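Next come the chains, spelled out residue by residue.
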Amino acid sequence: MKKALIIGIDGVPYSLLSTYIKNDVMPNLKKILSQGFTLHQTNASIPDISSVSWTSFNTGVNPGEHGIYGFTDLKPDSYSLYFPNSKDIKAPTFWEILGKTNQKPSTLFQKYHKKISHPYRSVIFNVPHTYPAWPMNGILVSGFVAIDLKKATFPDSTYTYLHSMNYLIDVEAEKAKEDKMEFMKSLFECFEIRKKAISHFFVGEPWDLFFACITETDRLHHFFFDASNDKENPYYESFLRFYVELDKFIKYLYEQFVERYSEKGFFMILSDHGFAPVKKEVYINKFLEEKGLLALKNEGNFYERVENKTKAFNLDPCRIYIHGTDAYPRGTVREEEKTDLLEEIKKILRTLKGENGDEVIDKIFEKEEIYHGPHTRMAPDLVCLPKDGYDLKGSLEKKEIFGYNIFKGMHTWHDAFCILPSNISFSKKPSVEELTDYIIQYYSQ
Amino acid sequence: MDHLTRLENKSIYIIREAYYQFKDIAMLWSVGKDSTTLLWLCRKAFFGHIPFPIIHIDTSYKFPEMYQFRDARAKEWNLNLLIGRNEEKLKEGMGPGQGSKLDCCNELKTNALKSVIKKYHLKAILLGIRRDEHGIRAKERYFSPRDSQFKWDYENQPAELWDQYQSTVEGEEHFRIHPILHFTEFDVWSYVQREGLPIVSLYFSKNGKRFRSIGCVPCCSPIDSNAQTIDEIVEEIRISKTSERSGRAQDKENIYTMQKLRALGYM
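Predicted model only: the values in this text are computed from it and were never measured.

### Points about the overall build of chain A
Right, on to step 1. Along its length, chain A carries 15 helices and 19 strands.
Right, on to step 2. Whereas a compact globule of 445 residues would reach a radius of gyration of roughly 22 Å, chain A reaches 22 Å, a difference of no more than 12%.
Right, on to step 3. For the C-alpha atoms alone, the extent of chain A along its principal axes is close to 65 × 55 × 45 Å.
Right, on to step 4. Taken across its 445 residues, chain A has 50% of its residues classed as buried.

### Some remarks on the overall build of chain B
Right, on to step 1. Of regular secondary structure, chain B possesses eight helices and eight strands.
Right, on to step 2. In chain B, once contacts between residues fewer than 6 apart in sequence are set aside, the share between residues at least 24 apart is 77%.

### Looking at the interface of chain A and chain B
Right, on to step 1. Contacts between the two partners involve 17 residues from chain A and, on the opposite side, 17 residues from chain B.
Right, on to step 2. The class makeup of the residues in the side of chain A that touches chain B is six nonpolar, seven polar and four charged.

### Structural notes on helix H1 (residues 14–22) of chain A
All names here are of chain A.
Right, on to step 1. Among the residues of H1, those classed as buried are Tyr14, Leu16, Leu17 and Tyr20. For H1, the angular spread of the buried residues around the axis is 165°, confining them to a single face.
Right, on to step 2. For H1, the secondary structure elements touched by its buried residues are strand E2 (37–42), helix H11 (236–261), strand E10 (274–277) and strand E19 (416–421).
Right, on to step 3. Of the residues trailing H1, Asp24 is marked for its positive phi of about 65°.

### What about the sheet that holds strand E4 (residues 124–126) of chain B?
Residues and elements named next belong to chain B.
Right, on to step 1. Here six strands make up an open sheet; going across it, the order is E3-E2-E1-E4-E6-E5 and the pairing mixed. The sheet is open, and its two edges are formed by strand E3 (81–84) and strand E5 (143–146), each paired on a single side. Neighbour to neighbour, the strand axes of the sheet diverge by 30° on average, direction disregarded.
Right, on to step 2. Note: strand E1 (residues 25–28) against E4, three bridges, orientation parallel. Within E4, the position partnered with Ala26 by the bridge is Ile125.

### A word on the domain arrangement of chain A
Residues and elements named next belong to chain A.
Right, on to step 1. Taken domain by domain, chain A consists of domain 1 (4–277 + 412–444) and domain 2 (280–404).
Right, on to step 2. A straight line from the C-alpha centre of domain 1 to that of domain 2 covers 30 Å.
Right, on to step 3. Domain 1 puts 26 residues into the contact, and the matching count from domain 2 is 27 residues.
Right, on to step 4. It is helix H4 (residues 63–66) that contributes the most residues to the side of domain 1 that touches domain 2, three residues altogether.
Right, on to step 5. Here the side of domain 1 that touches domain 2 is built from residues that sort into 14 nonpolar, eight polar and four charged.

### As for the confidence of the model for chain B
Right, on to step 1. When pLDDT is averaged along chain B, the result is 86, and 84% of the positions lie at 70 or above.
Right, on to step 2. In the model output, the complex is listed with pTM 0.73 alongside ipTM 0.93.

### Notes on the nonpolar core
All names here are of chain A.
Right, on to step 1. Phe125 and Ala312 are the most contacted members of the largest nonpolar core, which has 139 residues in total.
Right, on to step 2. At nine residues, the largest contribution of residues to this core is made by helix H9 (residues 180–204).
Right, on to step 3. Shared between two domains, this core holds at least three residues of each, these being domain 1 (4–277 + 412–444) and domain 2 (280–404).
Right, on to step 4. Leaving out residues up to four positions away in the same chain, Ala312 has contacts with Leu288, Leu293, Leu294, Ile320, Tyr321, Ile322, His323 and Ile345.

### So, the packing of H9(A) against H11(A)
Residue and element names in this part refer to chain A.
Right, on to step 1. Contact geometry for H9 and H11: axes closest at 11 Å, N-to-C directions at 0°. Put simply, H9 runs roughly parallel to H11. Between H9 and H11, the contacting residues are Met184, Leu187, Phe191, Lys195 and Phe202 on the first element and Ser238, Phe242, Glu245, Phe249, Leu253 and Gln256 on the second.
Right, on to step 2. Its residues placed into classes, the contact of H9 with H11 shows seven nonpolar, two polar and two charged.

### Quick word on unusual backbone geometry
Right, on to step 1. Backbone torsion omega between Ile46(A) and Pro47(A) reads -5°, so that peptide bond is classified as cis.
Right, on to step 2. Located in the positive-phi region is Asn78(B), a residue other than glycine, with phi close to 55°.
Right, on to step 3. With respect to the element layout, Asn78(B) can be found in the loop between helix H3 (64–76) and E3.
Right, on to step 4. Phi is positive for Asn207(B), which is not a glycine, with a value near 50°.
Right, on to step 5. By secondary structure assignment, the location of Asn207(B) is in the loop between helix H6 (185–195) and strand E7 (209–210).

### Some details on the sheet that holds strand E11 (residues 280–283) of chain A
Residue and element names in this part refer to chain A.
Right, on to step 1. Taken in spatial order, the three strands of this open sheet run E16-E11-E17, and their pairing is mixed. Edge strands, defined here as strands with exactly one partner in the open sheet, are strand E16 (390–393) and strand E17 (402–403).
Right, on to step 2. The sheet contact formed by E11 and E16 spans four bridges and is parallel. Within E16, the residue paired with Tyr283 across the bridge is Lys393.

### Observations regarding the environment of Gly8(A)
All names here are of chain A.
Right, on to step 1. Secondary-structure assignment places Gly8 in strand E1 (residues 4–9).
Right, on to step 2. Taking C-alpha positions, Gly8 is 13 Å from Ser56, a pair spaced 48 residues apart along the chain.
Right, on to step 3. Leave out the neighbours within four places in its chain, and Gly8 touches Val127, Phe211, Ala212, Cys213, Ile214 and Leu270.

### Here's the deal with the environment of Arg43(B)
Residue and element names in this part refer to chain B.
Right, on to step 1. Inspection of the secondary structure assignment puts Arg43 in helix H2 (residues 33–45).
Right, on to step 2. In this structure, the C-alpha to C-alpha distance between Arg43 and Leu79, residues 36 residues apart in sequence, is 9.8 Å.
Right, on to step 3. When near neighbours in sequence (up to four residues on either side) are disregarded, Arg43 contacts Gly48, Ile50 and Trp77.

Thresholds, definitions, all that
Residues numbered from 1 in each chain as written. Chains lettered and ligands numbered in written order. Predicted model: local features only at pLDDT ≥ 70, side-chain atom pairs only at ≥ 80, totals over all residues. Helix = DSSP H or I, 4+ residues; strand = E, 2+ residues; numbered from the N terminus. Rg over C-alpha atoms; globule rule 2.2 N^0.38 Å. Buried ≥ 20, exposed ≤ 12 C-beta atoms within 10 Å, placed from the backbone. Contact = placed C-beta atoms within 7 Å. Nonpolar A, V, L, I, M, F, W, Y, C, P; charged D, E, K, R; others polar. Arc of directions from axis to C-beta. Pairing = 2+ DSSP bridges. Axes fitted to C-alpha atoms, helices over the stretch in contact; angles between N-to-C directions. Domains from an automatic or database assignment. pLDDT = per-residue confidence, 0-100. Core = buried A, V, L, I, M, F, W, Y, C linked by C-beta atoms within 7 Å. Parallel < 35°, antiparallel > 145°, perpendicular 65-115°, else oblique.

Right, dumping it as C-alpha cells:
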C-alpha cells in the first residue's frame with residue numbers, strides 16, 4: 001500500500017524557514033526534520049511565478065514542455081493578452097500519470113507510465129494554476145487564479161461540500177490597500193477555512209496521494225514581508241503567529257499520516273519560490289522605451305499598443321520578447337537581426353543600475369538555455385532574474401523606470417525549499433520540476 | 001396570452017411592486033436596447049408618466065447617436081433625467097487610452113453610479129439586465145440586495161418562487177431590481193418589433209456592419225451584418241449562434257482574473 005502526503009506552502013523561502021526552525025517558531029517542523037527528513041534549498045522555475053513554478057512541479061517538466069510561462073501571455077501571432085489556465089497546460093500532471101487518466105505525452109510520462117502498476121487516486125487541493133478543474137482520478141479543488149467555485153471543483157459533490165462550509169478560494173488581496181489590519185485578520189480567517197476543508201478531505205476521503213497547498217503565506221509575504229524579522233514592526237507578532245499556526249497544521253497532518261500509514265508513506269513539503277524584501281519596483285518596459293527599443297501608441301489594450309518600430313517588449317515579471325516579423329503582425333525584426341539585437345538588449349539591461357549604482361539585473365537567460373521541448377515557440381526570447389530587492393515588472397503604464405508600491409515582499413528564484421526523506425540527496429541545488437520524479441519513483445517501486 | 005404579453009405582464013408586475021416597496025427608486029438607462037425596453041415597460045406600468053427619475057451614467061465616451069437618442073426621448077417622454085458623471089476623473093483625463101479599461105470602467109461607470117446613489121439617497125434601482133446575457137447573470141434574482149461596496153452575495157439569495165419577492169434583508173445598502181431578467185435577446189428584439197419601439201440607429205447595418213451591443217465608442221466593435229430593419233435583426237438573432245457580447249472588450253471572468261492579479265502586483 002503506497003501513500004503520499006505532499007504539503008505545498010506558497011512563497012516560503014528556505015532562508016526564513018531555516019531561521020524559524022532554528023528560533024523555535026516552528027518546533028514541530030524541527031521535530032519532523034529530526035525523524036528522517038532533510039531541508040534543502042531549491043530553485044524556482046524561470047520566471048519565479050507561482051503559475052509557472054507549480055505547473056513545473058505538477059508536471060515535472062520545464063515550461064518548454066508544459067507551455068506555461070506566466071499568469072499572462074499573448075495569443076499566437078497577435079498582441080492580445082490572455083490568461084493561460086489549466087486548459088493550456090501541455091504536459092500531464094503527476095496525478096494524471098499516477099491516476100492513469102492522462103492523454104498527453106511528456107518525458108516524465110514516457111519514463112514511468114509502464115512502471116505504474118495500477119491507477120492511484122489523488123486529492124489535489126488548492127494548487128495554483130489548476131483552474132478550471134478537470135476530470136481526474138480523485139478530487140480536485142483549484143487554487144489561484146480560480147474565480148468560480150463550481151468550475152474550481154471536481155467532482156460536483158466536492159462543490160456541494162465546499163459551498164456548504166462557506167469555503168473561500170482566496171483572500172481578497174484588494175482589501176490590503178484599504179485596511180492592512182483587516183487584511184491580516186482575513187488571512188487568518190482564510191487559513192482557518194482552508195485547514196478545515198483540507199482536514200475534511202484528508203480524513204473523510206479515500207486516497208493514495210494527498211497534495212494540498214497553503215497559499216496565504218504568499219499573500220502574507222507580499223504585504224508584510226518586512227515584518228518577518230523586525231521586532232519593531234507592528235505586524236511582527238501576527239507574522240510569527242501565522243508561522244506558529246502553520247507549524248501546528250503541518251504537525252497535525254504529519255501525525256495523522258504517520259498514524260494511519262506508519263513511516264512507509266512518502267512525505268514531502270515544498271514551496272514554489274522564495275521571498276525577499278522589496279527595495280524598488282523596476283518597470284522594464286519604461287526602460288526599453290527610454291532606450292528606444294519600445295514604442296507605444298495611446299489606443300488599444302495592453303500590448304495592442306505596441307507600434308511597428310518596437311524592437312522588444314516585456315511581460316511580467318521580466319520576459320522579454322523580440323518583436324519579430326515571424327511572430328507578430330507589426331513585427332519588424334528580421335530573423336537574421338535577432339542575434340545582434342539580443343546581445344544589444346543584454347548589454348543595455350546590464351547597465352540598469354539602482355540608486356547607489358548597484359546592479360539591478362542578476363541573471364539573463366536566452367530561451368534556448370532554459371527551455372526545452374515542443375512548446376518553446378511561445379517562450380520569451382530573454383528572461384531576467386533581478387538582484388534581491390529589485391522587483392521587475394511588466395507594466396506598460398509607468399512614467400518612471402523605478403517606483404514604489406504597497407508591496408513589502410517580492411518573489412525570489414534562488415531561495416525556494418523542499419523537505420524530503422533523508423535518503424534523497426542532491427549533488428547540486430535542485431529546481432522545483434526535478435522534485436516530481438521522486439513522487440512517481442516512490443509509486444513505481 | 002402570447003409569449004411576449006406574458007413577459008410584459010411579469011415585468012410590469014415587478015416594476016409596480018418595486019415602486020410600491022421603495023419610494024427612493026430610480027431607473028438606470030444606458031440608452032441600449034435592453035434598458036430602452038425597460039423604460040418602455042416603466043412607461044406602460046404608469047400609463048406614460050414615470051413617477052421616478054431616470055439615471056444615465058455618462059462616461060463621455062458614448063456614441064453621438066446615443067446622446068441624441070437620449071435627449072430626444074427624454075423630451076418626448078417627459079423624463080426626469082439625471083446624468084451621472086465622474087467629473088473629477090474625467091478632468092484628470094481618465095479614459096480608455098489612459099490606463100486600463102478596467103480602471104476606466106470602474107471610475108467612469110461604477111464610481112459614477114455610486115455617487116449618484118449616494119447623492120439622491122436611492123434605496124433601489126431598476127436595471128435592464130437579462131439572464132441570458134452572461135454566465136454570471138444566470139444567478140441573478142429579480143430583487144437583488146447590494147452592500148455599500150456594490151458587493152453581491154450571489155450564494156446567499158432568496159429563492160423567488162411563485163412570484164414571491166423578498167424586498168427587505170438585513171444590512172443591505174440598496175436593491176437592484178431586474179424587471180426584464182426573464183427576457184432573452186431574441187425576446188427583446190421581438191418585443192421592440194411588436195411595440196414599434198424607437199431604438200438607436202447604431203443597431204442597424206451600415207456598410208455591412210452593425211452593433212449588436214452598444215456602450216462606449218472605444219470598447220465596442222460592430223459585427224458583420226446586413227440587417228437594416230428590426231425585422232431583419234429579429235431574423236438574424238433567431239439564427240445566430242455567437243454570443244451577443246462577443247463585440248465587447250472584456251469578459252467578466254477575465255475582469256476578475258485581472259483584478260486578482262493586479263491586487264498582487266501583476267500587470
